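Topology and contacts: notes
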Amino acid sequence: MTTVGTYAPQPGAAPLPRMIAAQAALETKMLLRNGEQLLLTVVIPTLLLVLFSSVDIVDTGKGRAVDFLTPGVLALAVMSTAFTGQAIATGFERRYGVLKRLAASPLPRWGLMTAKTASVLVTEVLQVLLLTVIAFALGWSPHGNPLTVLLLLVLGTAAFSGLGLLMAGTLKAEATLGAANLVFLLLLVGGGVIVPLDKFPQGAQDVLGLLPISALSDGLRAVLQHGTGTPWGDLGVLAVWAVAGLGAAGAFFRWE
Amino acid sequence: MLPADFRTRRFQAVGGYLDSWAMRSETVVQVQALVKRYGSKTAVNGLDLTARAGVTAVLGPNGAGKTTTIETAEGYRRPDSGTVRVLGLDPVREAGALRPRIGVMLQSGGVYSGARAEEMLRHVAKLHARPLDVDALMERLGLGSCGRTSYRRLSGGQQQRLALAMAVVGRPELVFLDEPTAGLDPQARRATWDLVRDLRADGVSVILTTHYMDEAEQLADDVAVIDAGRVIAQGSPEQLCRGGAENTLRFTGRPGLDVGSLLKALPADCSAAELTPGAYRVAGKVDPQLLATVTSWCAQHGVMPEKISVERHTLEDVFLELTGKELRS
């Protein structure tokens, strides 16, 4: 039973920070509840780190395998969340009218995008924590400035987010699902994550080195494994991808 | 025990009532000369529509331009030409001011497939300043038992009702419902109708699209009939059906009867037509005399009228007269 006046209009938007926080929390929950997403973001990076650190399958060059692998797997984790996971999730949200429905809510579009970014960052923090703990357990000894590492991770996230959203906002959901997984697989092999780029022919190396995943894994490796100051070249490559990807996503994204 | 917010609720109830009383003449949606094309196809072709406070039904067959019109008012589409004002605002340029004041139910979807029903409704509630009580609303719409079910596992009817709940939970002034009862079973349909009536009673305006005649007749203060991208008639259901003074007599017989001959036998202000082969309709002032005239004409022509019935002139008839086609194609 309803009292008279129950539905009497009392419109109004919630305060912006509350809307964005609620949206980010929901997006994160959706991601953590999705089995396929967890496979990409947690299971695969963890398995790769453990497997290739303990079993000598790939020649990772001088030094301990875990010191070579951890930066690459951290780069892979960023890609799995910011690119693959975000592309697939957003593609299906577009397909199922979620983006459309939210566009009619008091939450502005930039608020939705902010929430999505926050959700990606929260997931990445969880991934980095987990992978770092495992890496230490495997005898990892990192070097370098943590702030430089943070800068690389943030720039990598921006680059991959732009590309993921570009894909989600322009292709059909099924195409995004297939393409995002394929790209993940190809970049896992050809992006210096577990296979050092110098295993490839010189011509291929030059091209592969310009990929965002290569720049991120190379940059992280330079700092964490070799204690390099600031890998300007890699940061530059990531910045170009970030600007181009986010710009293109902004220009071509279709909400329905 | 009275609820703690008894006083404010009562106050709102009275306020809502007075508002709705005063508002009835207020325009909530004004569409002028709207044109919207998709490629070479013109979906809306110079449409004019004025919706006043209360419940307005936009009635028309599939492809008439109902959804395009309503989605333009919701701010989803930019008009190719013409103007649209909702609560006095431009739905595209002033979207930020308008969105908190309206509630939207899309024709389908709008929910994360992995979200649980209650979780999603609570989320939409959190985006508003003074939302309705989520539990009460779930209960009200018969969703109480599936709050923890994920959206993709809800039945079609449950998904529809969740979308309806999401449209009203923010306590909007104006609610857009795009075919709110399409595919619902009769019980769920009635629950939706009851909610629309309660919204109206509390001073919430509702714009709904439908291709169900009875829905428009039952709920709407005003009906706009749309065909081929234009409003071809607008008025209260009574006005459109001419106050019910005119009635309809229907009968079935063998196909191809001489309607002209029947017409000659009838009083001057009556009309007669074969709607579909073998289905005849006589419209006019249907009284016992007219019934006798029709049956005696049948007797003279050796026709056994089957399924003879007398009905009030319905919106369905109006639509048929206006467009020459059945609404549910």
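The structure displayed is predicted, hence computed values, not measured ones. (Residues numbered from 1 in each chain as written. Chains lettered and ligands numbered in written order. Predicted model: local features only at pLDDT ≥ 70, side-chain atom pairs only at ≥ 80, totals over all residues.)

Quick notes on the overall build of chain B
For chain B, the count of helices and strands is twelve helices and 13 strands. Within chain B, buried positions represent 43% of all 329 residues. (Helix = DSSP H or I, 4+ residues; strand = E, 2+ residues; numbered from the N terminus. Buried ≥ 20, exposed ≤ 12 C-beta atoms within 10 Å, placed from the backbone.)

Description of the interface of chain B and chain A
Accessible area lost upon the coming together of the parts serves often as the stated size of an interface. Contacts between the two partners involve 39 residues from chain B, matched on the other side by 32 residues from chain A. Only α1 (6-23), α4 (117-126) and α7 (186-201) of chain B provide two or more residues apiece to the side of chain B that touches chain A. With five residues, α1(B) is the largest single contributor of residues to the side of chain B that touches chain A. Split into classes, the residues belonging to the side of chain B that touches chain A amount to 15 nonpolar, 13 polar and eleven charged. (Contact = placed C-beta atoms within 7 Å. Nonpolar A, V, L, I, M, F, W, Y, C, P; charged D, E, K, R; others polar.)

Comments concerning the packing of helix α5 (residues 109-137) of chain A against helix α6 (residues 146-170) of chain A
Residue and element names in this part refer to chain A. Relative orientation of the contacting elements α5 and α6 amounts to 130 degrees, with a least axis distance of 12 Å. Judged by the inter-axis angle, α5 sits oblique to α6. For the element pair α5 and α6, the recorded crossing hand is right-handed. Between α5 and α6, the residues in contact are T117, V120 and E124 and L153, T157 and S161, respectively. Broken down by class, the residue content of the contact of α5 with α6 amounts to two nonpolar, three polar and one charged. (Axes fitted to C-alpha atoms, helices over the stretch in contact; angles between N-to-C directions. Parallel < 35°, antiparallel > 145°, perpendicular 65-115°, else oblique. Left-handed = near helix turned anticlockwise from the far one by under 90°.)

Section: the environment of P196(A)
Residues and elements named next belong to chain A. Looking at the secondary structure, you find P196 in the loop between α7 (173-190) and α8 (202-208). Residues P196 and G61, spaced 135 residues apart in sequence, show a C-alpha to C-alpha distance of 7.9 Å. Among all residues touching P196, those that are not within four sequence positions of it are T60 and G61.

Comments concerning the nonpolar core
In this structure, L121(B) and A165(B) are the most contacted members of the largest nonpolar core, which totals 91 residues. Top contributing element to this core by residue count: helix α6 (residues 156-168) of chain B, with seven residues. (Core = buried A, V, L, I, M, F, W, Y, C linked by C-beta atoms within 7 Å.)

Structural notes on the UniProt feature "domain: ABC transmembrane type-2" (unreviewed entry) in chain A
What UniProt calls "domain: ABC transmembrane type-2" (unreviewed entry) maps, in this numbering, to residues 32-256 of chain A. The span residues 32-256 of chain A is 76% helix and 0% strand, and its two end C-alpha atoms sit 25 Å from each other. (UniProt positions renumbered as here; feature names shortened; annotations may be inferred.)

Re unusual backbone geometry
Residues and elements named next belong to chain B. A positive phi angle, near 50 degrees, is found at E179, a position not held by glycine. With respect to the secondary-structure elements, E179 resides in the loop between β6 (174-178) and α7. By the C-beta count within 10 Å, which is 23 here, E179 ends up buried.

Observations concerning the sheet that holds strand β5 (residues 102-105) of chain B
Pairing between the strands of a sheet is mediated by backbone hydrogen bonds and can be parallel or antiparallel. Residue and element names in this part refer to chain B. Read from one edge to the other, the open sheet built from six strands follows the order β5-β6-β7-β3-β8-β9, with strand pairing classed as mixed. Where the open sheet ends on each side, the last strands, each with one partner, are β5 and β9 (230-235). Here the average twist between neighbouring strands, direction ignored, is 15 degrees. Across five bridges, the pairing between β6 and strand β7 (residues 205-210) is parallel. (Pairing = 2+ DSSP bridges.)

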